[in-house]
Amino acid sequence: MTEPVLEIRGLTKRFRGLVALDHVDFTVPEGTICGLIGPNGAGKSTMFNLVTGFLPPSEGEIRFRGTPVTGWSPQQAGRSGVARAFQIARPFPGLTVRQNVRIGALFGRSGPRDVEAATDTALALLGIEDLADRPAEGLTVGHLRRLEVARALAARPVLLLADEPCAGLNPAETDAMIAALRRIRDGGVTIWLVEHDMRAVMGLCDRILVISAGRAIAEGTPGEVAANPAVIAAYLGSEEQEAHGA
Amino acid sequence: MTTRILATLVFLAVLAAAPAFVPPFEVRVLSLFCFWGALSLAWNILGGFAGYWSFGHTVFVGVGAFVPGVIVAKLFDGGGAELMPLLVLVGGLVSAAFAGIIAWPLLRLRGIYFAIAMLGVAQVTGELSAAIEWIGGGVGLSLPDAVPAALAPEAFFHYIFVGLLALTIGAAAWVRGARFGQGLLAIREDEDTARMLAVPTEGYKIAALVLSAFLTGLLGATYGFSLGYITTDSVFRTDFSLNMIVHALLGGIGTIAGPLLGAAVMVVLTQVVLGEMLNLHLFATGALVVAMVLLAPQGFLGLWRRKPRAQREPGP
Amino acid sequence: MIPLLQTLLDGLVLGGVYAFAAVGFSLIFGVLGVVNLTHGVFVVLGAYAALLLHEVVGLDPILGLPLVMAALFALGYLYQRTLIAAAVERASLVASLLVTFGVALMARNLLQIVASPDVRSIATAYSFAGLSLGPLRIDLVRAAGLLTSLVLLFGLALLLNRTAFGRAIRATAQQPVGAALSGVNVRHVHGLTFGLGGAFAGASGAVIGMMLPFTPSSEAAWTLNAFVVVTLGGVGSPQGALLGGLLLGVIATLTAQYVGPAFQNAAMFLVLVLMLLLRPQGLLGHAFAASR
């Protein structure tokens, strides 16, 4: 067992009395793909915002490769090797696909060295090298998502946080994304992903954390989680709520 | 790439050779082109690359011109002509330092708030330069005549303006190619995403403003020397602020050739076409901006580009 | 103590007029999202119009207000329906910033040619009369100006809050699409709002003309002033403008009295920057921000 890439202890976030995350613990071991699932509003995005420094936690500790990093800034997170692919892809619209990915590489961990190599590798891994000279504006959702992941990857991160990389993709695109994420993991990048597509989550993840209403309700391998009554209740409950128009 | 550098050098060489071939009036027109082009290109480092549109860049022209003016009046009693290169440099440096001081609060503002805050900085600094007696912008300041006996004044200043234009082109080209420039583009496109990609957004924005102000300050100081006598009204000029934006917008914002092209068009229009109607210059500039925004918001370069990019602007 | 009170009183009087001069800008910014850099031109045009009426017909600036307001209302309406609408449509709201900046320069240039760049002011029969409030003194002109400002501000608040037209304006500000769906002619309302903004700017110009000297280049200062008032008080409402205006007036007179008249704008601007950093939405917030 190697040293964990990310350790979260008692992580809590309150927004004016509302508890978005309540004393959550989790460990992302090196070289794995981990999952973070839960009903809408469970606190998944808040979790990623805390880890990447977009929000300061109210309580608890975050350790990255053994070092305490609680309350760091997005820039520090990025420089240290935490990359994030947003749920809603946010490419630089006026730049080409290659320029987008290149900026990821330029400010990534390898710094200004090997920028072209890192850019090419990332484009190839996501299979978008043919689109390199197209402007990011006007790409399809599937391509945008791959661009988002490629740009994050070009920074040569240690840990990639992927926020719903398969959302809005058709089955073929989803398969391509799953394959790409595996290749990325095999290339030595640890991945933590939020995903609603259960086929993707169950097929990809080594360990999964399930949260609901800010609390961790289950943790384990995909098989363990799927069999956990609390998880089933949380999901069924949420589906009922959604069916009632909540 | 090398052909571009070569073409730029030839262009600058031809410009520099002009005094040997053309009459004084045309030399002045060419100098004005160099001045306006370089100003707009300097503005473009912040406005075009980083997307932070300053509506008050004339403040750096003013500071750049006033610093030598005040130094000459206080320390050299109107003399000090032989120190002109040093004085121009100090004008640029003080301008840059001033930018560094205002950068921290102002660059936290985005979009129109930054634009208008800069407008306010220019207005207030101009007023203060006129109102504070010690500075003396209301009455005016003299700058010594530094033209060597062997040269005609317009040729002397023309050479300096060509040199400053070359410096500004070099600086802008370097920024654009460097990691710094890519970071600025990322800021322009989406500042939050840029932060997440570990772009040092705060530092880069400040650096862009300071560099832009340094170049603008050098230009302002030289302009002051070329006038020989400066007042608040002659260097803190709102139309300068607007011109810098207009030239960039006219030729293509965020590019290097664009601001120069825009400046060339404006110089031809105001000096040659409207040469006789001096009192209508402000009107012509204003009318051109309006026409430009309505008819070709991408600029001239955008008109003939096959795949026009969406115009990037600071978001509200 | 008395000098300080006198300064505060002067500041409040000036502030009422500042509020009046800024409310049009605030309304346009709040409803259309357009930062109207031509605002100061409307103020200055109002001053020149009142001057013209006073010199040619002998009409008192305050009695001439309806005429000035009607003329600038029409001008504002046409301006918005043609140039502003086209700029917003073709490019963006930031482009409208550029267009209004351009038009401001054109207008300033034209005014310099037509009305000369000289400093002007409107001298009425009661220009030198004053009222005494105990030990404090207030010029009759300023008292009349303040009263006019407050009455018209109050009228605008009533118009916005109590009439069908006001409801249409507020609906358009909050939900342009929704308003259009419920039968509001959004373009027309935008034009009318701009016209209203122009009319109030012009009216304030007529009042300012009696109190302060003006030139064609004064437009820049009045635009900036309006921007500061709106940033201080909050966007879109007469209440916000009044609060911002009074604050600004007090800051301006206190600075002029205790630091020096040259530093008025510098102090005002410093407050603006502080405000933008601390509370960018202004003291009263955005009047129509509920659904934005």
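Residues numbered from 1 in each chain as written. Chains lettered and ligands numbered in written order. Predicted model: local features only at pLDDT ≥ 70, side-chain atom pairs only at ≥ 80, totals over all residues. Heavy atoms only, no water.

Draft legend 1. Local environment of the overall build of chain A. In terms of regular secondary structure, chain A is built from nine helices and ten strands. In terms of overall size, chain A behaves like a compact globule, its C-alpha atoms giving a radius of gyration of 18 Å where 246 residues would be expected to give roughly 18 Å. Put simply, chain A has 246 residues, and 54% of those count as buried. Once local pairs closer than 6 in sequence are excluded, the contacts in chain A between residues at least 24 apart make up 66%. (Helix = DSSP H or I, 4+ residues; strand = E, 2+ residues; numbered from the N terminus. Rg over C-alpha atoms; globule rule 2.2 N^0.38 Å. Buried < 20%, exposed > 50% of the residue type's maximum accessible area, 1.4 Å probe, protein only. Contact = heavy atoms within 4.5 Å.)

Draft legend 2. Here's a closer look at the overall build of chain C. A count of helices and strands for chain C gives eleven helices and two strands. In sequence order, chain C lays out its α and β elements as α-α-α-α-β-β-α-α-α-α-α-α-α. Computed over its C-alpha atoms, the radius of gyration of chain C comes to 18 Å, within 12% of the 19 Å expected for a compact globule of 292 residues. The dimensions of chain C, computed from C-alpha atoms along their principal axes, are 60 × 45 × 35 Å. Nonlocal contacts in chain C, meaning residues at least 24 apart in sequence, comprise 78% of its contacts between residues at least 6 apart. Treating the 12 positive side-chain charges of chain C as one cloud and the 7 negative ones as another, the clouds have centres 17 Å apart. (Lys, Arg positive; Asp, Glu negative; His and termini not counted. Charge placed at Lys NZ, Arg CZ, Asp CG, Glu CD.)

Draft legend 3. Spatial organisation of the environment of proline 105 of chain B. Relative to the assigned elements, proline 105 of chain B resides in helix H4 (residues 84-106). Classification of proline 105 of chain B by relative accessible area gives buried; the value is 18%. Residues contacting proline 105 of chain B, with those up to four places away along its chain left out, are Val273 and Leu277 of chain C.

Draft legend 4. Representation of the interface of chain C and chain B within the structure. At the junction of the two partners, chain C supplies 36 residues and chain B supplies 40 residues. Interface area for chain C against chain B, summed over the two sides, is near 3,500 Å², with a carbon-plus-sulfur share of 83%. Run the count over chain C and chain B and you get zero salt bridges. Linking chain C with chain B are two residue pairs in polar contact (both at pLDDT 80 or more). Counting residues per element, the ones that place at least two in the side of chain C that touches chain B are helix H3 (65-90), helix H4 (93-115), helix H9 (218-233) and helix H11 (264-278) of chain C. If you tally residues by element for the side of chain C that touches chain B, the top one is H4 of chain C, at 15 residues. Across the side of chain C that touches chain B, the residue classes tally to 29 nonpolar, five polar and two charged. (Buried area = accessible area lost by both parts, 1.4 Å probe. Salt bridge = Lys/Arg side-chain N within 4 Å of Asp/Glu carboxyl O. Polar contact = N/O pair within 3.5 Å; in protein donor to acceptor, adjacent residues only side chain to side chain. Nonpolar A, V, L, I, M, F, W, Y, C, P; charged D, E, K, R; others polar.)

Draft legend 5. The arrangement of the interface of chain B and chain A in detail. Residue-level contacts link 23 residues of chain B with 23 residues of chain A. Overall, the association of chain B and chain A removes approximately 2,200 Å² of surface from exposure, summing both partners, and the carbon and sulfur fraction of that is 63%. When residues of chain B are sorted by the area they lose upon contact with chain A, Arg179, Met196 and Leu197 of chain B head the list and together hold 32% of the total. Inspection of the region where chain B meets chain A yields two salt bridges. Of the charged contacts, one joins arginine 90 of chain A and aspartate 192 of chain B as a salt bridge, the two residues approaching to 3.9 Å between their closest N and O atoms. Inspection of the region where chain B meets chain A yields six residue pairs in polar contact (both at pLDDT 80 or more). Those elements giving two or more residues to the side of chain B that touches chain A turn out to be helix H7 (179-189), helix H8 (191-196) and helix H9 (201-227) of chain B.

Draft legend 6. Quick peek at the side chain of arginine 84 of chain A. Here arginine 84 of chain A shows up in strand S6 (residues 82-85). A polar side-chain atom of arginine 84 of chain A sits 2.7 Å from a polar atom in the side chain of asparagine 49 of chain A. Within the structure, the side chain of arginine 84 of chain A is placed 3.2 Å from the side chain of threonine 52 of chain A, a separation counted as a polar contact. Aside from chain neighbours lying at most four places away, what touches arginine 84 of chain A is Ser45, Phe48, Asn49, Thr52, Phe54, Glu148, Ala152, Leu161 and Asp163 of chain A together with Met196 of chain B.

Draft legend 7. Spatial organisation of the packing of aromatic side chains. Under the criterion given, the structure shown has 26 aromatic pairs over all chains. Aromatic side chains phenylalanine 66 of chain B and phenylalanine 236 of chain B sit 5.7 Å apart centroid to centroid with 45 degrees between the ring planes, which places their arrangement in the tilted category. Within this pair, whereas phenylalanine 66 of chain B is found in helix H3 (residues 58-75), its partner phenylalanine 236 of chain B is found in the loop between helix H10 (232-235) and helix H11 (238-251), the two being separated by 170 residues in sequence. For the pair shown, phenylalanine 66 of chain B and phenylalanine 236 of chain B are each scored as buried. Aromatic pair phenylalanine 20 of chain C and phenylalanine 200 of chain C: ring centres 6.0 Å apart, planes at 85 degrees, arrangement edge-to-face. In this pair, phenylalanine 20 of chain C is assigned in helix H1 (residues 2-32) and phenylalanine 200 of chain C in helix H8 (residues 186-211), connecting sequence segments 180 residues apart. Note on accessibility: phenylalanine 20 of chain C and phenylalanine 200 of chain C belong to one class, buried. Among the aromatic residues, those joined into a cluster by ring pairs are Phe107 of chain A together with Trp174, Phe180 and Tyr204 of chain B. (Phe/Tyr/Trp six-rings, centres within 6.5 Å; stacked < 30°, edge-to-face > 60°.)

Bear in mind that shape data such as this cannot, by itself, settle questions of function.
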